[in-house]
Amino acid sequence: MQLSAVYKPEPCILVVFGATGDLTHRKLYPALINLAAQKRLPDQFAVVAVGRREKNDTQVRNEARRAAAAAGTHPSAAAGAEELLQRIHYFQMNFEDEAAYPLLRSRLAELDAAYNTQGNRIYFLAVAPQYFGIIADHLYKHGMAGNQGAWQRVVVEKPFGRNLASARELNARLTQAFGERRVYRIDHYLGKEMLQNLLVIRFANTLFEPLWNGRFIEEVQISINETVGVGSRGGYYDEAGALRDMVQNHMLQLLTLTAMEPPVDLDADSIRDEKVKVLRSIRPLTPENMESSVVRGQYGPGMIDGKPVPGYREEEQVDPDSNTETYVALKLYIDNFRWSGVPFYLRTGKRLPVRSAEIVIRFREQPGVLYFGRGYSELGPNLLVIKIQPEEGVFLQFNAKQPGSVGDIVPVRMDYCQNCGTGFDSPEAYERLLADVIRGDSTLFTRWDEVEYAWEFVDRIADYWDQAGTPVEVYPAGTWGPAGADRLLAQNGHRWILPFQCLLTDRPDLEKHGSRPVVGSCQL
Ligand code: BG6
């Protein structure tokens, strides 16, 4: 099969535990089919889908075909897809049943012979977290994790533990079986195009890097706003909450990439070393400053896109008295030379008015001379917005004279959108991440020390909430979260900056410019 014209990754079998699950259908099958279409899979390659239900290869191939169609894979995917689908095999087993592992081993050996995959394996654990450790233990015990002369890698989804103690325990089991270098911990935000672009924007431009510090930057705001609620994941979510679900991983990843120093090299460890330094430099939150640094919210009933939606406590599998947060806003400081004194505001929530993920850098104001207080209009801030989604790109706001006026100064925008035109489709995060595991590049996966420091930070907040019994502040669905989040910034004389889509709404001329419908309501 000619799947890999671009480069030749090494032969391997991808073993997906949790083959019938949601993640495999929504993300893995479509990503694999797109990779096949781009000839980015090894020539000698097979997929073993492992699940508990009784199925045969044909059924699983049909499921994969349907999953890829539902995800809208790239039109050119059809040809490569059929070849790949014929290489998907099903293996039925109960993950807890130790006796099944030698059978799996024999089946993999047969497929090695059929596809010449040479004993190389990627085990993708797309299963509930309670199975991560069990599967790793059994793979290790049955000689499927550390074979000489071939490589084995394991990919784990979040949540990576529930707190630092449980993450350590899980990590010990995974690294006993595979060793740190072969453990690939997924944070799918790292697979998003703009996060990879962030380092290029920062370190490949003379324009930004000299200003990227507390002398020129007043504040940094990092937001992941979602319009969706918890959907069918109420059971998991009610145990986790936004702090564990979003802050421990995605939000802190955005923070470290924004704040890190230039790495000595672009290899995985050099980048991750710098990210870890940021996590180590976060000023620890203490019981004394917790209330003035962290806000905990939960959505009540409200309106999204003009339609009524239930409150969190009415969602399926959610405790009707739940005190789990669906929104977190926090203020933190990075006590290092570059960022001393600059507040970083992080917020994430479900059922907010607009879906957007972005990093906003607000630069310091100009000295109060020349254009201040002499009949000129008030100057707007210089803003640099890294747009992660739904639009991907960079947006820069600065001040210019209103053409034709005597002295009016207005904010104007330069706006780069990398996914607006036709002809470029950003690859799905999982596509990039899977390709990287196959190549053995762990740059976009979290290293254990990153996870450890992230949990240390998050545990302080969670433990405080538990001990103090901090109640959630309820906000109506479709609004910008609890009022406490505004007070958090007001203490420093700051305000949340509206998502980029909303910044454009006061400029109808700009709105007309492109096909960018504003989804949801931008009203504060
Ligand atoms: C997941 C969280 O990791 O990220 C979800 O578990 C959240 O609760 C999702 O909705 C957001 O990801 P994205 O890519 O849709 O922004």
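Just so we're clear, the structure is a prediction, and the values are computed from it rather than from any experiment.

Chemist: Got a sec to walk through the packing of aromatic side chains? Specific residues and values, please.
Modeler: Under the defined criterion, the tally for this structure stands at twelve aromatic pairs. On the numbers, 6.1 Å between centres and 65° between planes, the contact of Tyr237 with Tyr312 is edge-to-face. With Tyr237 in helix H8 (residues 234-259) and Tyr312 in the loop between strand S10 (307-309) and strand S11 (327-333), this residue pair connects regions lying 75 residues apart in the sequence. According to the relative accessible area criterion, Tyr237 is buried, its value standing at 1%. Taken together, the aromatic side chains of Phe17, Phe95, Tyr123, Tyr131 and Phe178 make up a single cluster linked through ring pairs.

Chemist: Got a sec to walk through the state of the cysteines? Specific residues and values, please.
Modeler: All chains considered together, the criterion is met by one disulfide. A disulfide bridge connects Cys417 with Cys420, and the sulfur atoms are separated by 2.0 Å. The disulfide joining Cys417 to Cys420 has a torsion of about 90° about its S-S bond and is therefore right-handed. The partly exposed category is assigned to Cys420, whose relative accessible area is 35%.

Chemist: Account for the pattern of salt bridges, with residues named and values stated.
Modeler: This structure, assessed with the given rule, holds 34 salt bridges. For Lys141, the salt bridge is made with Glu98, and the minimal N-O distance between the two is 2.9 Å. On the criterion of sequence distance, the pair formed by Lys141 in helix H5 (residues 132-141) and Glu98 in the loop between strand S3 (88-92) and helix H4 (100-115) is long-range, its members being 43 residues apart. On the basis of relative accessibility, which here comes to 27%, the residue Glu98 falls in the partly exposed class.

Chemist: Go over the sheet that holds strand S13 (residues 356-363), please, and point to the residues and values.
Modeler: Pairing within the open sheet is mixed, and its nine strands lie in the order S16-S15-S14-S13-S7-S12-S11-S8-S17. Bordering the open sheet on either side are strand S16 (409-417) and strand S17 (473-476), each of which pairs with just one other strand. In this sheet, neighbouring strand axes are inclined to one another by 20° on average, regardless of whether the strands run parallel or antiparallel. This element, helix H12 (residues 448-468), spans strand S8 (294-300) and S11 of the sheet and lies at about 125° to S11.

Chemist: Now, about the packing of helix H6 (residues 164-178) against H12: what can you tell me, with residues and values included?
Modeler: Relative orientation of the contacting elements H6 and H12 amounts to 160°, with a least axis distance of 9 Å. Taken as axis vectors, H6 and H12 run roughly antiparallel relative to one another. For the element pair H6 and H12, the recorded crossing hand is right-handed. In this structure, H6 uses Leu164, Ala167, Arg168 and Asn171 to contact H12, whose residues at the interface are Trp448, Glu452, Trp455, Glu456 and Asp459. Partitioning the contact of H6 with H12 into residue classes produces four nonpolar, one polar and four charged.

Chemist: Please give an account of the pairing of strand S2 (residues 45-51) that cites residues and values.
Modeler: Among the seven residues that make up S2, seven are buried, leaving the element largely enclosed by the rest of the structure. Going residue by residue along S2, you find Phe45, Val47, Ala49 and Gly51 tucked away on one face and Ala46, Val48 and Val50 tucked away on the opposite face as well. Here strand S1 (residues 12-17) pairs with S2 via six bridges, running parallel. Counted as the bridge partner of Leu14 is Val47 from S2. Bridging between S2 and S3 involves five bridges; their strand directions are parallel. Across the sheet, Val50 pairs through a bridge with Phe91, a residue of S3.

Chemist: Could you give an account of the nonpolar core, with specific residues and numbers?
Modeler: Residues Phe17, Tyr123, Phe124 and Phe344 are the most contacted members of the largest nonpolar core, which totals 150 residues. A total of eleven residues in this core trace back to one element, the largest contributor, which is H8. Residues in contact with Phe17, not counting those within four places in the same chain, are Val50, Met93, Phe95, Leu104, Tyr123, Phe124, Leu125, Ala126, Val127, Ile135 and Leu139.

Chemist: Quick one: what's the story with the site of the ligand, residue by residue and with numbers?
Modeler: Taken together, the residues surrounding the ligand are Lys158, His188, Tyr189, Lys192, Glu226, Arg233, Asp245, Met246, His250, Lys350 and Gln389. Residue Lys158 places a side-chain N or O atom 2.7 Å away from an oxygen atom belonging to the ligand. One of the side-chain N or O atoms of Lys192 is found 2.6 Å from an oxygen atom in the ligand. It is H8 that contributes the most residues to the shell around the ligand, three residues altogether. In terms of residue class, the shell around the ligand is made up of two nonpolar, three polar and six charged.

Chemist: Which residues make up helix H13 (residues 483-490), and what values do they have?
Modeler: Three or four residues apart is the spacing at which side chains of an α-helix point the same way, because the helix has 3.6 residues per turn. Listed as buried for H13 are Gly484, Ala485, Leu488 and Leu489. Along the axis of H13, the buried residues cluster in a sector spanning 140°; they form a single face. Buried residues along H13 sit against strand S7 (217-225), S8, S11, strand S12 (343-349) and S17.

Here is what the cut-offs are and how they apply
Residues numbered from 1 in each chain as written. Predicted model: local features only at pLDDT ≥ 70, side-chain atom pairs only at ≥ 80, totals over all residues. Heavy atoms only, no water. Phe/Tyr/Trp six-rings, centres within 6.5 Å; stacked < 30°, edge-to-face > 60°. Helix = DSSP H or I, 4+ residues; strand = E, 2+ residues; numbered from the N terminus. Buried < 20%, exposed > 50% of the residue type's maximum accessible area, 1.4 Å probe, protein only. Disulfide = S-S within 2.5 Å. Salt bridge = Lys/Arg side-chain N within 4 Å of Asp/Glu carboxyl O. Pairing = 2+ DSSP bridges. Axes fitted to C-alpha atoms, helices over the stretch in contact; angles between N-to-C directions. Contact = heavy atoms within 4.5 Å. Parallel < 35°, antiparallel > 145°, perpendicular 65-115°, else oblique. Left-handed = near helix turned anticlockwise from the far one by under 90°. Nonpolar A, V, L, I, M, F, W, Y, C, P; charged D, E, K, R; others polar. Core = buried A, V, L, I, M, F, W, Y, C linked by side-chain atoms within 4.5 Å. Near = heavy atom within 4 Å. Polar contact = N/O pair within 3.5 Å; in protein donor to acceptor, adjacent residues only side chain to side chain. Arc of directions from axis to C-beta.

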